[in-house]
There are 6 protein chains.
Amino acid sequence: MEGLTHFGSEGQARMVEVGEKAETQRTATAQGLIEMHPDTLARIRAGQMGKGDVLGVARIAAIQAAKRTHELIPLCHLLGLTGVDVEFSDQDQPAAVRCQVTTRTRGRTGVEMEALTAVSVALLTIYDMCKAIDRGMVMRDIRLLEKQGGKTGLWRADAGNAE
Amino acid sequence: MEGLTHFGSEGQARMVEVGEKAETQRTATAQGLIEMHPDTLARIRAGQMGKGDVLGVARIAAIQAAKRTHELIPLCHLLGLTGVDVEFSDQDQPAAVRCQVTTRTRGRTGVEMEALTAVSVALLTIYDMCKAIDRGMVMRDIRLLEKQGGKTGLWRADAGNAE
Amino acid sequence: MEGLTHFGSEGQARMVEVGEKAETQRTATAQGLIEMHPDTLARIRAGQMGKGDVLGVARIAAIQAAKRTHELIPLCHLLGLTGVDVEFSDQDQPAAVRCQVTTRTRGRTGVEMEALTAVSVALLTIYDMCKAIDRGMVMRDIRLLEKQGGKTGLWRADAGNAE
Amino acid sequence: MEGLTHFGSEGQARMVEVGEKAETQRTATAQGLIEMHPDTLARIRAGQMGKGDVLGVARIAAIQAAKRTHELIPLCHLLGLTGVDVEFSDQDQPAAVRCQVTTRTRGRTGVEMEALTAVSVALLTIYDMCKAIDRGMVMRDIRLLEKQGGKTGLWRADAGNAE
Amino acid sequence: MEGLTHFGSEGQARMVEVGEKAETQRTATAQGLIEMHPDTLARIRAGQMGKGDVLGVARIAAIQAAKRTHELIPLCHLLGLTGVDVEFSDQDQPAAVRCQVTTRTRGRTGVEMEALTAVSVALLTIYDMCKAIDRGMVMRDIRLLEKQGGKTGLWRADAGNAE
Amino acid sequence: MEGLTHFGSEGQARMVEVGEKAETQRTATAQGLIEMHPDTLARIRAGQMGKGDVLGVARIAAIQAAKRTHELIPLCHLLGLTGVDVEFSDQDQPAAVRCQVTTRTRGRTGVEMEALTAVSVALLTIYDMCKAIDRGMVMRDIRLLEKQGGKTGLWRADAGNAE
């Protein structure tokens, strides 16, 4: 097990030097869900049909948050994302909305944090827009599904980890 | 069940008018956790003793994110937080770090989103700092525990919801 | 004609002191439009029916920009908006989308700049989303329609000014 | 007429993938004007001679806004501008200040939005600084004049469009 | 000597609760200077007469930084400044530009950090604009001169401290 | 002595075009210190041993500020830092904490402003966290120590300048 790279030799936090890393194509996919009352899910589904599009707002929030990840996560590098995709799906047992985000760049560091941050902000935005009717919503299972590119190459959450 | 207040009569998103609400003391407490490999937790615990303080960095990230919630959550009002507290605890079965944030203001809207955003960013920061040794960490059970103040008064996650 | 208040006695820019002003209810409404090729307007109208909702994205951009006006306009005060409404309408002769924004606060300064900034960013977002098919779009007639509150009270664009 | 690239196959907003595009030299020039009372223009002209430099402040606001375009326009990519120039001119019939901005980068996406955003914020800043004496100012004819670089190469507003 | 209020009982950083403090009129004045080569100062002085106004740009940067202090200083509260004044003066022995900033608010916390941050960013901006001709410039003696308001009332740098 | 490059031929501020510059490895190191009462220094030193880690918070603030330099300094280019290191040391005569920051990138412009901004924000954060016990602290001698890369190559503060 290698070390926590975000610290120097005396334990001080630092932004890890990545100048020697190659610029490669990098991709990450993350996922998470928000559980809610079935009535809340019914409302969200109704909105997709034209009135009160909760997921449309959450999608924009997710894309914008991906771009600002370096401001939120202290030791994260600024990078120029080349693309972001945000997908939502829903389920009944239990009632929940699932969000999956894929981020891509050509650069010297991975884009895992951008994907995870986008998922988190999407779920927070759903919470915000529905909290007047359902304060008990719970955000769960926010995790990285897959990353590609860079020295460590492909990584996939294994079956056990991925629920 | 009242409506989704973040939409106008034709379903268009809006920032809800709160000018008529009273300025009251408002408090919210939110919580969440990040599960990890036991070795990762051991590293974090070691850092608290002076080398590589993961939780110290995550705490600062959480406080700063609380102040920027209105930038991240599209329909959230800007408000001046009067205080933020961030607490971490850890557990072994399963290995995890738990984060709890309390936010307070005197104002016309609640501070639930500020507390939830701070918890999310704290967990994301822990992920970022430990991902070199453990990409399979999972963020779970991010939820509101309690809110006080405003017209709806006190709300507490019920026992069932709150695990 | 009174002076340009954003300058001190020696012509230096400053953020005008408003501490002595009363906290009153303040409202502003601004408007603007973006002219485009009729085919572009047809695409936007089609999107309102569920595929590719240009105006839904522009509305979110407008609300978020209203909250960040003080960061964009150098001598503008930070204030906590109590509400923002963004409305779109369209017309055929010439083909255009019109955006109207109303901003409200209780505070010591007016919210005209917040309304005007939100209109501008809504129109810019429409341009961004449609520029792949129509680079010749033109933003026009961005103006204040009405403001209320504060020492100067009600102001309305007169008929001549307001087209 | 090709499609609105900012939407996926199901109409969902996305940040378009540009990773396959070539890094080329890209330039854009945009323009717009703000009409005002002749007395207001006289004040602005006087300021250029040393007291109350409205246009100097607006120029800085424009440059800073160009750098933050990706934060304001939801689906816009972050890119590193290599240069920004902001020019003002004025006219008497009708009394107005015209702003022209040129933005440049080496990158995978164009810089039209950066130029248009900078023009808009320049005009908004002029409005802000002069609104105490002239609330009826109107921003007009904000448009792209020319863009170069990228797959679509050179584009110029045609004579008819460009007034 | 009372304690470091930015830490909780176990040493953890926190944003101090100020909800119980009274909203009073608060003012702070800070100062600092940047020493430079006499030729650099000559250039800056020339710019004040119309070509290349270094101090005009630095003044805008200072005002904008004051508004964003809470984003830069992790444990600082967001507050709505009611006014900001930035003054520059220069001296020959040694060649230097001095910057003095006064910030004001009505609120529950002081505005010392806003004044100090504005001074720092003004000096940094001067450095940036002149560094092509003088990289050896040094920023010195950035300090609080005076604060008023709040429970601790008036504080003034004593003669000894204030040089 | 060459000119102030941040101005155009008519004295107008501009963001200098750097598109023609080569992408090279660039590094900068800056330094500064904050003088304080010996009791304040004693408190900070005690915090390093686990309770109230002032320097840990200041380090995070410095790294985050380095990433946002282009937002603070009006004519500064956005660039992607590849690494940031922040070191603190302290001294007794006079009692002070010294901060040194090294920033690195591969790009077309230098990273001096990022290093100087990080130092300034580190010192401001120390001030903020200790001001309840020592308002008379003074920030001094913020300067560039060394830069490498780009057309002008290596630059070092000469012995005389560097104290």
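Rules and cut-offs
Residues numbered from 1 in each chain as written. Chains lettered and ligands numbered in written order. Predicted model: local features only at pLDDT ≥ 70, side-chain atom pairs only at ≥ 80, totals over all residues. Heavy atoms only, no water. Axes fitted to C-alpha atoms, helices over the stretch in contact; angles between N-to-C directions. Helix = DSSP H or I, 4+ residues; strand = E, 2+ residues; numbered from the N terminus. Left-handed = near helix turned anticlockwise from the far one by under 90°. Contact = heavy atoms within 4.5 Å. Nonpolar A, V, L, I, M, F, W, Y, C, P; charged D, E, K, R; others polar. Least-squares fit on C-alpha atoms with pLDDT ≥ 70 in both. UniProt positions renumbered as here; feature names shortened; annotations may be inferred. Salt bridge = Lys/Arg side-chain N within 4 Å of Asp/Glu carboxyl O. Polar contact = N/O pair within 3.5 Å; in protein donor to acceptor, adjacent residues only side chain to side chain. Pairing = 2+ DSSP bridges. Buried < 20%, exposed > 50% of the residue type's maximum accessible area, 1.4 Å probe, protein only. 1 Å grid on protein atoms, 1.4 Å probe; cavity = no way out; pocket = protein on both sides within 12 Å on 5 of 7 lines; lining within 4 Å. Points joined across faces, edges and corners; volume = space filled by probe spheres on them. Expected span 1.5 Å × (residues − 1). Buried area = accessible area lost by both parts, 1.4 Å probe.

Caption draft 1: Up close: the packing of helix H2 (residues 54-67) of chain C against helix H4 (residues 112-130) of chain C. Residues and elements named next belong to chain C. The geometry of H2 relative to H4 is characterised by a closest axis approach of 8 Å and an angle of 145° between their N-to-C directions. Here the hand of the crossing between H2 and H4 comes out right-handed. The residues of H4 that touch H2, namely those facing Val54, Leu55, Val57, Ala58, Ala61, Ala62, Ala65 and Ala66, are Glu114, Thr117, Ala118, Val121, Ala122, Thr125, Ile126, Met129 and Cys130. Class assignment for the residues of the contact of H2 with H4 results in 14 nonpolar, 2 polar and 1 charged.

Caption draft 2: View of the relation of the copies chain F and chain E. Once turned by 180° and shifted 0.0 Å along the axis, chain F lies on chain E with an RMSD of 0.0 Å. Viewed as a symmetry operation, the transformation between the two copies matches a two-fold axis. When C-alpha distances to the rotation axis are compared across chain F, the minimum falls at arginine 140 of chain F, with a value of 2.2 Å. Interface residue correspondence from chain F to chain E reaches 100%, placing this contact among same-surface, isologous pairings.

Caption draft 3: Inspection of the UniProt feature "binding site: substrate" (unreviewed entry) in chain A at higher detail. Residues annotated in UniProt with the feature "binding site: substrate" (unreviewed entry) correspond here to Leu75, Cys76, His77, Met113 and Glu114 of chain A. The annotated residues occupy 40 residues of the chain but converge on a single region, no pair of C-alpha atoms lying more than 12.7 Å apart. In this fold, leucine 75 of chain A is placed in the loop between helix H3 (69-72) and strand E2 (83-92). In this structure, leucine 75 of chain A is in contact with His6, Ala13, Arg14 and Met15 of chain A, Asp128 and Met129 of chain B together with Ile60, Ile63 and Lys67 of chain F, ignoring residues within four places of it in sequence.

Caption draft 4: A look at the relation of the copies chain A and chain B. Once chain A is rotated about the relating axis by 180° and shifted along it by 0.0 Å, it coincides with chain B to within an RMSD of 0.0 Å. Interface overlap between copies is the fraction of interface residues in one copy that are interface residues in the other; for chain A against chain B it reaches 100%, indicating a shared surface.

Caption draft 5: Main features of the interface of chain A and chain B. Taken together, the 56 residues of chain A in the interface contact 56 residues of chain B. Across the pair arginine 140 of chain A and aspartate 141 of chain B runs a salt bridge whose closest N-O atoms are separated by 2.1 Å. Across the contact surface, chain A and chain B share 12 residue pairs in polar contact (both at pLDDT 80 or more). Residue assignment for the side of chain A that touches chain B shows that the elements contributing at least two residues are helix H1 (38-48), helix H2 (54-67), H3, helix H4 (112-130) and strand E4 (138-148) of chain A. Ranked by residues supplied to the side of chain A that touches chain B, first place goes to H4 of chain A with 12 residues. Tallied by class, the residues present in the side of chain A that touches chain B amount to 28 nonpolar, 12 polar and 16 charged. Inspection of the sheet shows E4 of chain A paired to strand E4 (residues 138-148) of chain B by 2 bridges, in the antiparallel sense. Residue pairing in the sheet places isoleucine 142 of chain A in a bridge with methionine 139 of chain B of E4 of chain B.

Caption draft 6: Molecular detail of the environment of leucine 78 of chain D. You can see leucine 78 of chain D is positioned in the loop between helix H3 (69-72) and strand E2 (83-92). A residue is classified by how much of its surface remains accessible, and leucine 78 of chain D, at 11% relative accessible area, is buried. Once the C-alpha coordinates of leucine 78 of chain D and valine 16 of chain D are considered, the two residues, 62 residues apart in sequence, prove to be 12 Å apart. Ignoring sequence-local partners within four residues, the contact set of leucine 78 of chain D consists of His70, Leu78, Leu79 and Gly80 of chain A, His70 of chain D together with Leu78 of chain F.

Caption draft 7: Seen up close, empty space enclosed by the protein. A full pass over the atoms with the stated rule returns 13 cavities of 30 Å³ or more. Put simply, the largest cavity is a space of about 130 Å³. When contributions to the lining of the largest cavity are tallied by element, the ones reaching two or more residues are H3 of chain A, helix H2 (54-67) of chain B, helix H3 (69-72) of chain E together with helix H2 (54-67) of chain F. A class-by-class count of the residues in the lining of the largest cavity yields 5 nonpolar, 4 polar and 5 charged. Put simply, the second largest cavity is a space of about 100 Å³. Along the walls of the second largest cavity sit Glu71 and Leu72 of chain C, Ala61, Gln64, Ala65 and Arg68 of chain D, Ala61, Gln64, Ala65 and Arg68 of chain E together with Glu71 and Leu72 of chain F, which together make up its complete lining. Going through the elements one at a time, helix H3 (69-72) of chain C, helix H2 (54-67) of chain D, helix H2 (54-67) of chain E together with helix H3 (69-72) of chain F are the ones with two or more residues in the lining of the second largest cavity. The residue makeup of the lining of the second largest cavity, split by class, is 6 nonpolar, 2 polar and 4 charged.

Caption draft 8: Main features of the environment of aspartate 134 of chain E. Residues and elements named next belong to chain E. Looking at the element boundaries, aspartate 134 is found in the loop between helix H4 (112-130) and strand E4 (138-148). The class of aspartate 134 is buried, set by a relative accessible area of 10%. On a C-alpha basis, the gap between aspartate 134 and histidine 37 in space is 6.9 Å, while along the polypeptide they are 97 residues apart. With residues near it in sequence (within four places) discarded, aspartate 134 still touches Met36, His37 and Thr40.

Caption draft 9: Region of interest: H4 of chain E. The end-to-end C-alpha distance of H4 of chain E is 28 Å, a good match for the 27 Å that 19 residues give at a rise of 1.5 Å each. Counting buried residues along H4 of chain E, 19 of its 19 residues qualify, which places the element largely inside the surrounding structure.

Caption draft 10: Layout of the interface of chain F and chain E. Across the boundary between the two partners, chain F contributes 56 residues, which contact 56 residues of chain E. When chain F packs against chain E, the two sides together hide about 5,100 Å² of surface, and 65% of this comes from carbon and sulfur. Counting every contact that joins chain F to chain E gives 6 salt bridges. At the boundary of chain F and chain E, one finds 12 residue pairs in polar contact (both at pLDDT 80 or more). When the residues that make up the side of chain F that touches chain E are grouped by side-chain class, the tally is 28 nonpolar, 12 polar and 16 charged.

Caption draft 11: Spotlight on unusual backbone geometry. Of the consecutive residues glutamine 93 of chain A and proline 94 of chain A, the connecting peptide bond is found in the cis state with omega at 0°. Looking at the element boundaries, proline 94 of chain A is found in the loop between E2 and strand E3 (95-107). At aspartate 141 of chain C, a position not held by glycine, the phi torsion is positive, near 55°. Relative to the helices and strands, aspartate 141 of chain C resides in strand E4 (residues 138-148). The class of aspartate 141 of chain C is buried, set by a relative accessible area of 8%.

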